[in-house]
Amino acid sequence: MKIRHIIFFISALFFTGSVFALPALAPVFAGIGTLVVGSAVASSLTAGALIAIGVATVVVGAYAGSQLLGAMKMDFPDDMSAQAQSALANQQGSTNPLPVIYGKRRVGGTPIFYHVSGADNEFLHVVYAIAEGEIQGVSQVYLNNDEVNTPPDLYDTSLTDILINEGEGGTIGNISVFGMENIQKPKYEPTVKYEIYNGTTTQTADKDLISETNGTWTSSDRLQGVAYAIVRFKFEPEVFGNTGIPQVNFDVIGKKTRSTTSGGTTYKVFSDNPADCIEDYLTNTIYGRSVPSSQIDTTSFTTARNICDTEVTVGDKTQKKYTCNGILNTNNKALDNIEKLLTSCRGSLIFSGGKYKLLIDDTGTAVQTFDEDNIVGAFELSLGGKEYKANKIRANFFNKNRDMQGDFAIVESSTFKTEDNGLSLERAIELPFTDQMERAQMISTINMKQSRQSLVFKFTSTIVGLRAEIGDVVFISLESLGWNTLNSNQGKKFKIMRLAIKNNDEVDITAREYDDDVYDFGLIQAEDTSPNTSLPNFSSVDKP
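Everything numeric here is computed off the predicted structure, so don't read it as measured data.

Enquirer: Would you mind showing me how to read the environment of Thr283 here?
Expert: Structurally, Thr283 can be placed in helix α5 (residues 274-283). With relative accessibility at 22%, the residue Thr283 sits in the partly exposed group. In the structure, Thr283 is positioned 10 residues away from Ser293 in sequence and 6.7 Å away in space, judged by C-alpha atoms. Sequence-distant contacts of Thr283, defined by excluding residues within four places in its chain, comprise Ser290, Val291 and Ile296.

Take a look at the structure:
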């Protein structure tokens, strides 16, 4: 069912059970729903509470999601490995969803067509549906986890400049790297050929397949908008053994998500920036939420995009701070998909002033001061206990250095554990769109340090409170709490988590404690990718 546009709103607390969701904030959080609303509802929301989804709605910066950082969970159910196996499998089924691949990801494909040809039926043609198009391309094909050819590294940043020709491979510079004519391993050269179609809206049916199947595959079988592969196997027991059709996997350079203009023409280019991926999901009319571009706050998305592209040193490399690499299941609810995308950048999505804004939880400068002159009535101060803190975090993710298998990164602090009287406060998070050990450690470190900032302050302001926005850093200077002497007498820093306008023009504000040091993730050790043994692979036997 097509949903023209969607307002993410749930009046009840969605984040119940989150270790970082303090009790004082339970009534004020908003999550993601599937309520289709008209302009009247949208305007009423604009005039009332500003709605936030993701990290900004959780008190101490945890990611949005009911499975993340549950209160004192001592067992860590890990379904990431099962998800990895499912993503790499060639599962048959007429109802399998066509995934969206953001960034770079190794996947299987859904076989949608089989045909046998040749004088002795020695050729098997299989068509694999890979993903929603248009993708940038496919850099490698694997048969039973063995590379068919030897192209450049999938994670080489130069691959963003790949030129793809439908069904004919592509080039980097003057080197042909993809396609049916690029089978470089001798054992596959006479037995396998493949063609990749990137899922453009103008792609035509493959002429070779039409010919080799005697018209079973027709000129109408264009699969426009679907990225797919045609793989032809020649029966050869010495190459494939007697195990049947080999498992086929593809290193995919995914969806073209960033709009750019050249010569007066606007078109999409590949980007693994989380802001581009989130905007694509919100606005796409086929698998996304069909949000009109007029309802996207371009300023906030540009700011978020720049934060994600900031160069940081993590492990032994300097790289972009956040990227988005993973598979989005189009059968999932919008709630689940948005949450997963936001984990890649510690982001928040809010609807304010009739537009969707993307905020990245990052350092900020105080833009306003609240004190006795503009705080009216009573206020509430909540102190988080040990159930809202962590001194050890395990992050589950898909590791590109482990063939995209489920893996986990662990960060812990002996200093925090000492502060917690030696008690281990361990939590688990899932990062389905993170594919690197070092980046998973960076996110976990920030998350753990954020958990130590557990003060939540709720108060009512005069109308001047509307000068602040969700995500802004502000000073709160109250003599009764001793905050007026902090930061050179400017007050204590907090970050705005919620604003709601009352009918008497007063503003209810909820803010959580802020500290610049939270975002200093320190020195991250590089992942050890060296093998632990020099023994040969027992599952690989050379041909005699």
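So that's the structure; there's more coming.
Enquirer: Is there a simple way to think about α5 in this case?
Expert: Since the α-helix packs 3.6 residues into each turn, any two residues three or four apart lie on the same face. Within α5, eight of the 10 residues are buried, which leaves it mostly tucked inside the rest of the structure. Among all positions of α5, only Pro274, Ala275, Asp276, Cys277, Ile278, Asp280, Tyr281 and Leu282 are buried. The N-terminus of α5 is capped by Asn273, whose side-chain oxygen sits 2.9 Å from the backbone nitrogen of Ala275.

Enquirer: Where do I start with the packing of aromatic side chains in this structure?
Expert: Given two aromatic rings, their pairing is described by the distance between the two centres and the angle made by the two planes. Across all of its chains, the model carries 12 aromatic pairs by this definition. By the ring-pair criterion, three or more aromatic residues cluster together here, those being Phe370, Phe379, Phe457, Phe459, Trp483 and Phe494. Over the aromatic face of Phe408 sits the side chain of Arg394, whose NZ or CZ is 4.4 Å from the ring centroid.

Enquirer: Which parts of the structure should I look at to understand the sheet that holds strand β4 (residues 110-117)?
Expert: Pairing between the strands of a sheet is mediated by backbone hydrogen bonds and can be parallel or antiparallel. Here four strands make up an open sheet; going across it, the order is β4-β5-β12-β11 and the pairing antiparallel. Single-partner strands in this sheet number two, and they are β4 and β11 (192-197). With strand direction ignored, the average angle separating the axes of adjacent strands in the sheet is 15 degrees. As paired strands, strand β5 (residues 123-132) and strand β12 (residues 226-234) are joined by nine bridges and run antiparallel to one another. Counterpart to His125 in the pairing with β12 is Arg232.

Enquirer: Sorry if this is basic, but what is going on with the packing of α5 against helix α6 (residues 298-308) here?
Expert: α6 packs onto α5 with a crossing angle of 140 degrees between their chain directions and a minimal axis gap of 8 Å. Considering the angle they form, α5 stands oblique to α6. Where α5 approaches α6, its residues Pro274, Ala275, Asp276, Ile278, Glu279 and Leu282 are matched on the opposing element by Phe301, Ala304, Arg305 and Cys308. For the contact of α5 with α6, the per-class residue count stands at seven nonpolar, no polar and three charged.

Enquirer: Mind showing me how you'd approach the state of the cysteines here?
Expert: Should the sulfur atoms of two cysteines be covalently bonded, the bond is a disulfide. Applying the stated rule across the entire model yields zero disulfides. Residue Cys308 stays outside any disulfide, its sulfur separated by 4.8 Å from that of Cys345, the closest cysteine. Judged by relative accessible area, which is 0%, Cys308 ranks as buried. There is no disulfide at Cys324, and the cysteine sulfur nearest it, in Cys277, is 4.0 Å away. Under the relative-accessibility criterion, Cys324 is labelled buried at 0%.

Enquirer: Even after reading the chapter, I still don't get a nonpolar patch on the surface, so can you show me in this structure?
Expert: A surface patch of nonpolar side chains, amounting to about 230 Å² of accessible area, comprises Ile463, Leu466 and Ile501. Along the chain, Ile463 falls in the loop between β25 (456-461) and β26 (473-477). What makes Ile463 partly exposed here is its relative accessible area of 44%.

Enquirer: Looking at this structure, I do not really get unusual backbone geometry. What am I missing?
Expert: Backbone phi values are negative for most residues with the exception of glycine, while trans is the configuration of most peptide bonds. The residue after Gly133, namely Glu134, is reached through a cis peptide bond having omega 5 degrees. Looking at the element boundaries, Glu134 is found in the loop between β5 and β6 (135-143). We note that Asn421 has phi near 60 degrees; this positive angle belongs to a residue other than glycine. Assignment of secondary structure puts Asn421 in the loop between α8 (414-419) and β24 (426-431).

Parameters at a glance
Residues numbered from 1 in each chain as written. Predicted model: local features only at pLDDT ≥ 70, side-chain atom pairs only at ≥ 80, totals over all residues. Heavy atoms only, no water. Helix = DSSP H or I, 4+ residues; strand = E, 2+ residues; numbered from the N terminus. Buried < 20%, exposed > 50% of the residue type's maximum accessible area, 1.4 Å probe, protein only. Contact = heavy atoms within 4.5 Å. Polar contact = N/O pair within 3.5 Å; in protein donor to acceptor, adjacent residues only side chain to side chain. Phe/Tyr/Trp six-rings, centres within 6.5 Å; stacked < 30°, edge-to-face > 60°. Lys NZ or Arg CZ within 6 Å of the ring centre and 35° of its normal. Pairing = 2+ DSSP bridges. Axes fitted to C-alpha atoms, helices over the stretch in contact; angles between N-to-C directions. Parallel < 35°, antiparallel > 145°, perpendicular 65-115°, else oblique. Nonpolar A, V, L, I, M, F, W, Y, C, P; charged D, E, K, R; others polar. Disulfide = S-S within 2.5 Å. Patch = residues over 30% accessible without salt bridge, like charges linked within 9 Å, V, L, I, M, F, W, Y side chains within 5 Å. Areas by Shrake-Rupley, 256 points an atom, 1.4 Å probe, with all protein chains shown as cover. Salt bridge = Lys/Arg side-chain N within 4 Å of Asp/Glu carboxyl O.

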